[in-house]
Amino acid sequence: MDMALIPNIDPRDIGLGSSEKGNVGPAAKPRKKTMTSVYLKFFETAPDGKSRRCKFCGQSYSIATATGNLGRHLSNRHPGYDKSGDAVTSSAPQPITIVKKPQTQVKSPQVDFDHLNWLLIKWLILASLPPSTLEEKWLANSFKFLNPSIQLWPGEKYKAVFREVFRSMREDVRASLEQVLLDICHIPYPCGSNEIYHSLIKVLKMYNIESKVLSCTHDNSQTAMHACHSLKEDLDGQKVGPFCYLPCAARTLNMIIDDGLRTTKPVITKIREFVLEMNSSSEISEDFIQFTTVYQEGSWKIPLDASARWSGNYQMLDIVCKSLLGPPVLLQPSTALLRILFTKQAGKSMDAVIRKYEETLSGRMLLNPAEKNAVNIVYAYLEAFYKITLNMINKVPTIGLVLFFMDHISEMIAGCRESLRSPDWLKNAAEEMAKKTRSYSNQVCNIFTYMTAILDPRIKAELIPESLNSETNLEEARTHFMRNYSTNHFPSIASGYSAQEIEDGASVSFAEEIARKKRRVSMSTATDELTQYLSEPPAPIPTDVLEWWKVNTTRYPRLSTMARDFLAVQATSVAPEEVFCCKGDEMDKQRFSMPHDSTQALLCIRSWTHGGIKLKYKSTEIDYESLMELATAAADNGTAGFDKKQK
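Under an unreviewed UniProt entry, the protein has the name Zinc finger BED domain-containing protein DAYSLEEPER and belongs to Vitis vinifera. Per UniProt, the protein has the following entry under Subcellular location (unreviewed entry): "Nucleus".

Draft legend 1. The arrangement of the overall build of the protein in detail. The secondary structure content of the protein amounts to 26 helices and nine strands. Within the protein, the proportion of its 647 residues that are buried is 42%. In the protein, the share of contacts with a sequence separation of at least 24, taken over all contacts with a separation of at least 6, comes to 75%. Of the roughly 35,500 Å² that the protein leaves accessible, carbon and sulfur atoms contribute 54%.

Draft legend 2. Focus on the sheet that holds strand E2 (residues 51-54). In space, the three strands of this open sheet follow the order E1-E2-E3, with antiparallel pairing throughout. Bordering the open sheet on either side are strand E1 (43-45) and strand E3 (60-62), each of which pairs with just one other strand. Averaged over neighbouring strand pairs, the angle between their axes works out to 30° when direction is ignored. As paired strands, E1 and E2 are joined by three bridges and run antiparallel to one another. Of the residues in E2, the one forming a bridge with Thr-45 is Arg-52. Contacts from helix H1 (residues 67-77) reach E1, E2 and E3, with the element oriented near 135° to E1.

Draft legend 3. Seen up close, the pattern of salt bridges. This model, assessed by the stated rule, comprises 16 salt bridges. Residues joined in a network through salt bridges with shared partners are Arg-417, Glu-431 and Arg-438.

Draft legend 4. Up close: the environment of Ile-388. If you trace the backbone, Ile-388 turns up in helix H13 (residues 369-394). Residue classification places Ile-388 among the buried positions, given a relative accessible area of 4%. When residues no more than four places from it in sequence are discounted, the contact partners of Ile-388 are Leu-253, Phe-405, His-408, Ile-409 and Met-412.

Draft legend 5. Region of interest: the packing of aromatic side chains. This structure, assessed with the given rule, holds 20 aromatic pairs. Here the aromatic rings of Tyr-381 and Phe-385 are separated by 5.8 Å at their centres, their planes lie at 65°, and the arrangement is edge-to-face. You can see Tyr-381 and its partner Phe-385 sitting in helix H13, four residues apart, about one turn around the helix. Both residues of the pair, Tyr-381 and Phe-385, belong to the buried class. Grouping aromatic residues by their ring pairs yields a cluster made of Trp-118, Trp-153, Tyr-158 and Tyr-617. Residue placement shows Lys-122 over the ring face of Tyr-624; its charged tip is 4.9 Å from the ring centre. Sitting above the plane of the Tyr-533 ring, Lys-460 keeps its charged end 4.3 Å from the centroid.

Draft legend 6. Region of the structure containing the nonpolar core. Formed by 95 residues in total, the largest nonpolar core has its most connected members in Phe-274, Phe-385 and Trp-549. At 11 residues, the largest contribution of residues to this core is made by H13. For Trp-549, the contacting residues outside a window of four places in its chain are Leu-455, Pro-457, Tyr-533, Tyr-556, Leu-559, Ser-560, Ala-563 and Leu-567. The next biggest cluster of nonpolar side chains, apart from the first, holds 43 residues, and it includes Ile-196, Tyr-197, Leu-615 and Tyr-624.

Draft legend 7. How the structure looks around a negative patch on the surface. On the surface, Glu-621, Asp-623, Glu-625 and Glu-629 cluster together into a negatively charged patch. Residue placement: Glu-625 occurs in helix H26 (residues 624-646).

Draft legend 8. Quick peek at the pairing of strand E5 (residues 244-247). In the sheet, strand E4 (residues 215-218) pairs with E5 via four bridges, with the strands oriented parallel. Among the inter-strand pairings, Cys-216 is bridged to a residue of E5, identified as Tyr-245. Between E4 and its parallel partner E5, the chain crosses via helix H6 (residues 222-238), and the hand of that crossover is right-handed.

Draft legend 9. Region of interest: the packing of helix H10 (residues 310-320) against H13. Look at H10 against H13: their axes get within 9 Å of each other, and the N-to-C directions meet at 135°. With respect to their mutual orientation, H10 and H13 come out oblique. Two packed elements cross with a definite hand, and for H10 against H13 that hand is left-handed. Mapping the contact onto sequence places Trp-310, Tyr-314, Leu-317, Asp-318 and Val-320 in H10 and Lys-372, Val-375, Val-378, Tyr-379, Leu-382, Glu-383, Phe-385, Tyr-386 and Thr-389 in H13. Of the residues assigned to the contact of H10 with H13, the class counts are 10 nonpolar, one polar and three charged.

Reading guide: rules and limits
- Residues numbered from 1 in each chain as written.
- Predicted model: local features only at pLDDT ≥ 70, side-chain atom pairs only at ≥ 80, totals over all residues.
- Heavy atoms only, no water.
- UniProt positions renumbered as here; feature names shortened; annotations may be inferred.
- Helix = DSSP H or I, 4+ residues; strand = E, 2+ residues; numbered from the N terminus.
- Buried < 20%, exposed > 50% of the residue type's maximum accessible area, 1.4 Å probe, protein only.
- Contact = heavy atoms within 4.5 Å.
- Areas by Shrake-Rupley, 256 points an atom, 1.4 Å probe, with all protein chains shown as cover.
- Pairing = 2+ DSSP bridges.
- Axes fitted to C-alpha atoms, helices over the stretch in contact; angles between N-to-C directions.
- Salt bridge = Lys/Arg side-chain N within 4 Å of Asp/Glu carboxyl O.
- Phe/Tyr/Trp six-rings, centres within 6.5 Å; stacked < 30°, edge-to-face > 60°.
- Lys NZ or Arg CZ within 6 Å of the ring centre and 35° of its normal.
- Core = buried A, V, L, I, M, F, W, Y, C linked by side-chain atoms within 4.5 Å.
- Patch = residues over 30% accessible without salt bridge, like charges linked within 9 Å, V, L, I, M, F, W, Y side chains within 5 Å.
- Lys, Arg positive; Asp, Glu negative; His and termini not counted.
- Charge placed at Lys NZ, Arg CZ, Asp CG, Glu CD.
- Right-handed = clockwise from strand over helix to strand, strands pointing away.
- Parallel < 35°, antiparallel > 145°, perpendicular 65-115°, else oblique.
- Left-handed = near helix turned anticlockwise from the far one by under 90°.
- Nonpolar A, V, L, I, M, F, W, Y, C, P; charged D, E, K, R; others polar.

Dropping the structure here:
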């Protein structure tokens, strides 16, 4: 795209404010030139007499710059300049000028600059940037440098286009309803439960899904909880089907961890000050690396994560403490924001660096023995919490998996409270943690979450909390399955082959065909698919849940449909890494910098395009592949012309 817009510019005339080297003699004495060229009319001489400035764009040139270069500047940067004012007439004799014969140039293809604006629309969408980004003066100047005739749309036009694209695409979304994100709503002041409730109702009615919504996951605030309660009363009154609302598991876990860190927060602040100083100074960083090598305290990657979120707080503890996890582990790209899980204590190295740079770092950053002991105790206690947050980030956090982890957290907290080795301050923190854990359990333990949990093939009935695992819940789940997913709702299954296998023409062995027939006979003799499914052992925890159901659809055609419905229940209201990692800080800054009148259209369009819906303006689909092909072809031709000119 960029190269398509680059005109044929003489490389000597790039406007850097320096004279052409070929015009300067190596030892010749500079002499005063009497320049009477018509080009001088369009330049003004600086007060110091050492430079000239273009009246159109302000570009400065040395006073010794040849008039030919000034003319090329006007021709390339300001076509039609000679028509902008009266012609220059002078009775003075004109100097004899030797003009270079213009070289043959390849004419660049004409580019419709509306195409450029549509490509910029795509850029704003993918980068989640507000339209005001294109109003930045230096960005516009950069485009003008590439081609002076470029005209970017005004900021208001970009906003209007976004709104129209949003309205056009929303109709396609209403028809398909296959996207994760339906809408983003601005909650009007005072942003109370009533305003949230009405915004939810508006979205449900707009997409005609009042009778299809199964659950709502809120952000744990009281206003959101009350709004969800009002929504449940409304839907229950209409008898449109089962509905439940759940708190966000990631936010709950983050609050539980904050209680565990409460006592060591002042110590973590000291360590964070040290890390921030080290991140900003290459000298201190190098000394720290050298000390860790001398003291054999592991290898470290600078800069360290110094955010105030859980990943940063755990790293602060990690600097002082020794982990029991073995060698350093480099996380996958999806969790790169958690950086490296360091496993060697660096307490000696930290002390040595602080003492060496005492004037810069000050002695207040040194930890006393009591502080180091408290950090070690908290670090050992919260190590399992850190592993759980990693699992929630790396795996799809289904309701079943979250309940499995929360049950383990309850056991760890209870063990800390009952242990004789736990200091009183840690027991007090554990008591607060236990309250939040019980509150979460009380809100999520119901028949809906039970059905969602057992439909996770890794969890089933064996790994859900005892408080949820009851015969009553199992019978209710069976009744719901038989009533809503019975044989009457599904066509008979004529074969054991999946639609994908038939469509792809995949071959099935003779032995596999016999095996599938026996499975169907076995299923017919079973009470129902749910009983057959629960009678088998759970799948391994690393199993991809959605892939498992995709593979086993032919075995459980009715139950797989129920699983598709209930596994859509969200355990978290945001992606876990936004809560636990410094990525959340970046997203918060982006949200706060985006005007609310663009947020809805921009983020919805981005989600919809990622989901496969084509970007559409009114009734016209924007074919970005064709636009990119045009830009690529123009860039290739422009490059060829530029290379030929250079030769």
